[in-house]
Amino acid sequence: MRSWSTACVAVALVLVAATGCTGDGDGDDAARSSPPASTRTASQAPTATPSPTRTPADPVSIPGLIQREHTGSGLELGAVITRTSAYTSYQVTYEANGLTISGLMNIPAGKGPFPALVLAHGYIDPAVYTTGRGLAREQDLLARNGYVVLHTDYRNHARSDKDPDNDVNLRLGYTEDVIAAAKALRSSGRPEIDGDRLGLLGRSMGGGVVYNTLVVAPGLFDAAVAFAPVSSRPEENIDQFQRPEGDPIVAEIEAEHGTPEENPAFWREASPITYVDRVTEPLLIHHGTEDDTCPIAWTRQTVAAFEKAGKDVQLRTYSGEGHTFYPQWQRSMDTTMAFFERHLR
């Protein structure tokens with residue numbers, strides 16, 4: 001398994017290649033062609049030239065998230081939520097780029113360290129959301145099978161700090177919160193957590209967070225799973241979920257960033273499918289054929305982009321299954337646990 005330090009070097013090299021290659025040729029070759037300093041005349045004295053600088057990306061974009069230095073630390077266990085024979089569930093908080101994010105953590109009974117999973121839940125109105133909602137079945141089953149489970153609440157949810165611009169900024173802050181959760185797990189120093197074995201699982205909107213995370217921070221996780229994910233093109237999600245409901249945020253988004261017709265560059269850079277070449281982790285996707293919330297056609301398009309880029313992606317389809325994955329949920333979770341077993345054990 002790739003070490004975290006190696007992954008960081010790889011990410012740095014990708015960023016340099018993507019944003020620092022200006023073709024100016026002022027490296028070692030230029031230095032070797034200059035005359036020795038002792039033989040230079042006044043007319044040959046070198047003139048100062050500015051160092052090449054990276055053009056800042058729009059902060060509300062995938063390149064903007066790639067350029068940002070993400071922080072995640074200060075994982076703290078709070079009150080016990082529940083205690084079973086298999087695991088103990090705690091309220092937790094951690095730091096994410098200056099915000100305090102709340103969540104739930106299940107720690108298996110027995111001797112660790114255990115591999116850890118970050119769970120990214122689907123959309124639930126923050127006004128009614130409470131800690132740990134959205135992936136309760138997965139939290140329980142995965143902890144019973146020997147995984148530390150950190151379910152992030154995201155910013156603006158439960159006891160997390162507020163980010164008033166998050167909705168207008170296409171909820172990209174949720175991706176920051178997931179990246180920070182992984183970093184907080186790695187740096188926690190807790191004996192129960194093996195920070196070198198991390199997986200990511202997201203459902204519905206959380207599946208979109210999985211896509212974003214894989215392209216923004218390749219190498220941070222060792223493997224990822226998405227259940228019934230949203231589209232990898234944010235404009236399709238807006239058209240499916242927000243515009244039909246008359247959500248006033250849509251007008252704010254388009255006033256701030258333009259429509260896809262007015263500003264196609266913005267929407268292209270807001271989409272993780274544009275950057276699938278950056279992904280390094282294996283990805284498993286589950287999707288039901290009768291999902292009328294997140295159409296399976298979205299996932300097929302995303303998988304095709306991953307495959308075209310030569311990435312390790314698997315799609316498991318479930319005939320007749322809808323968005324909730326109740327009838328065939330156990331089968332999908334057996335596949336999920338076998339997948340994590342291969343990549344995290």
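This text goes with the structure placed above it.
Definitions and limits used
Residues numbered from 1 in each chain as written. Predicted model: local features only at pLDDT ≥ 70, side-chain atom pairs only at ≥ 80, totals over all residues. Heavy atoms only, no water. Pairing = 2+ DSSP bridges. Helix = DSSP H or I, 4+ residues; strand = E, 2+ residues; numbered from the N terminus. Axes fitted to C-alpha atoms, helices over the stretch in contact; angles between N-to-C directions. Contact = heavy atoms within 4.5 Å. Phe/Tyr/Trp six-rings, centres within 6.5 Å; stacked < 30°, edge-to-face > 60°. Buried < 20%, exposed > 50% of the residue type's maximum accessible area, 1.4 Å probe, protein only. Lys, Arg positive; Asp, Glu negative; His and termini not counted. Salt bridge = Lys/Arg side-chain N within 4 Å of Asp/Glu carboxyl O. Polar contact = N/O pair within 3.5 Å; in protein donor to acceptor, adjacent residues only side chain to side chain. Core = buried A, V, L, I, M, F, W, Y, C linked by side-chain atoms within 4.5 Å. Right-handed = clockwise from strand over helix to strand, strands pointing away.

Enquirer: Residue-level account of the sheet that holds strand β4 (residues 114-120), with values.
Expert: Spatially, β1-β2-β3-β5-β4-β6-β7-β8-β9 is the arrangement adopted by the nine strands of the open sheet, whose pairing is mixed. Across the chains shown, the open sheet's two edge strands, defined by having one partner strand only, are β1 (72-83) and β9 (313-318). Taken pair by pair, the neighbouring strands of this sheet meet at an average axis angle of 20°, ignoring direction. Inspection of the sheet shows β4 paired to strand β6 (residues 193-203) by seven bridges, in the parallel sense. Bridge pairing in β6 links Leu 117 to Gly 199. Seen against the sheet, helix α11 (residues 329-344) touches β4, β6, β7 (223-227), β8 (283-288) and β9 and runs at an angle of roughly 165° to β7.

Enquirer: With reference to specific residues and values, describe the packing of aromatic side chains.
Expert: In total, this model carries eight aromatic pairs according to the counting rule given. For the ring pair Phe 241 and Trp 298, a centre distance of 6.1 Å and an interplane angle of 75° mean the geometry is edge-to-face. Of the two residues, Phe 241 sits in helix α7 (residues 234-242) while Trp 298 sits in helix α10 (residues 296-308), which places them 57 residues apart along the sequence. Ring centres of Phe 339 and Phe 340 lie 5.8 Å apart, and the angle between their planes is 55°; on these two criteria the pair is classed as tilted.

Enquirer: Could you give an account of the side chain of Asp 153, naming the residues involved and the relevant values?
Expert: With respect to the helices and strands, Asp 153 occurs in the loop between β5 (148-152) and α5 (173-187). Comment: no salt bridge for buried Asp 153; closest opposite-charge side chain is Arg 159, at 5.1 Å. One polar contact links the side chain of Asp 153 to the main-chain amide nitrogen of Gly 132, over a distance of 3.4 Å. Residues contacting Asp 153, with those up to four places away along its chain left out, are Ser 102, Gly 103, His 121, Tyr 129, Thr 131, Gly 132, Ala 158 and Ser 160.

Enquirer: Residue-level account of the pattern of salt bridges, with values.
Expert: Proximity of charged atoms lets side chains of opposite charge pair with each other. On inspection of all chains with the given rule, the structure shows twelve salt bridges. The partner of Arg 171 in a salt bridge is Asp 167, and the shortest N-O contact between them spans 3.4 Å. Under the relative-accessibility criterion, Asp 167 is labelled partly exposed at 30%. Of the charged contacts in the structure, one is a salt bridge between Glu 341 and Arg 345, with a shortest N-O distance of 3.2 Å. Taking the relative accessible area as the measure of exposure, Glu 341 reaches 41% and is therefore partly exposed. Among the charged side chains, a network of salt bridges with common partners joins Arg 155, Asp 163 and Asp 177.

Enquirer: Please set out the nonpolar core residue by residue, giving values where relevant.
Expert: In this structure, Met 105, Leu 185 and Leu 283 are the most contacted members of the largest nonpolar core, which totals 62 residues. When residues of this core are assigned to their parent elements, the largest contribution, eight residues, is made by α5. Once you skip the residues sitting within four places of it in the chain, Leu 185 turns out to touch Leu 75, Met 105, Ala 116, Val 118, Leu 150, Ile 193 and Leu 198. In terms of nonpolar packing, the next biggest core, distinct from the first, is built from 24 residues, Leu 141, Ala 223, Val 225 and Phe 227 among them.

Enquirer: Describe in detail the pairing of β4, supporting the description with residues and values.
Expert: In terms of residue burial, β4 counts as a mostly covered element, since seven of its seven residues are buried. Here five bridges tie β4 to β5, and the two strands are oriented parallel to one another. Looking at β5, one finds that Leu 119 is bridged to His 151. Between β4 and its parallel partner β5, the chain crosses via helix α4 (residues 136-144), and the hand of that crossover is right-handed.

Enquirer: A description of the pairing of β1 should follow, citing residues and the corresponding values.
Expert: Here seven bridges tie β1 to strand β2 (residues 87-96), and the two strands are oriented antiparallel to one another. In the sheet register, Gly 72 faces β2, and the bridge partner there is Ala 96. Hairpin connection between β1 and β2: a loop of three residues separates the two successive antiparallel strands.

Enquirer: Residue-level account of unusual backbone geometry, with values.
Expert: For the bond from Gly 112 to Pro 113, the omega torsion is 0°, close enough to zero to count as cis. Position of Pro 113 relative to the elements: it lies in the loop between β3 (99-108) and β4. Positive phi outside glycine occurs at Ala 158, with the angle close to 50°. Taking the relative accessible area as the measure of exposure, Ala 158 reaches 29% and is therefore partly exposed. Despite not being glycine, Ser 204 shows a phi value in the positive range, around 60°.

Enquirer: Account for the side chain of His 157, with residues named and values stated.
Expert: Among the secondary structure elements, His 157 is positioned in the loop between β5 and α5. Residue classification places His 157 among the buried positions, given a relative accessible area of 1%. Only 2.8 Å separates the side chain of His 157 from the backbone oxygen of Arg 155, close enough to count as a polar contact. Residues in contact with His 157, not counting those within four places in the same chain, are Ser 102, His 121, Ile 124, Pro 126, Tyr 129 and Tyr 174.

Enquirer: If you had to explain the environment of Phe 325 to someone new, which residues and values would you point to?
Expert: Residue position: Phe 325 is located in the loop between β9 and α11. Between the alpha carbons of Phe 325 and Asp 291 there is a distance of 9.3 Å; along the sequence they are 34 residues apart. Excluding residues within four positions of it along the chain, Phe 325 makes contact with Arg 137, Arg 203, Phe 227, Ala 228, His 286, His 287, Gly 288, Tyr 318 and Ser 332.

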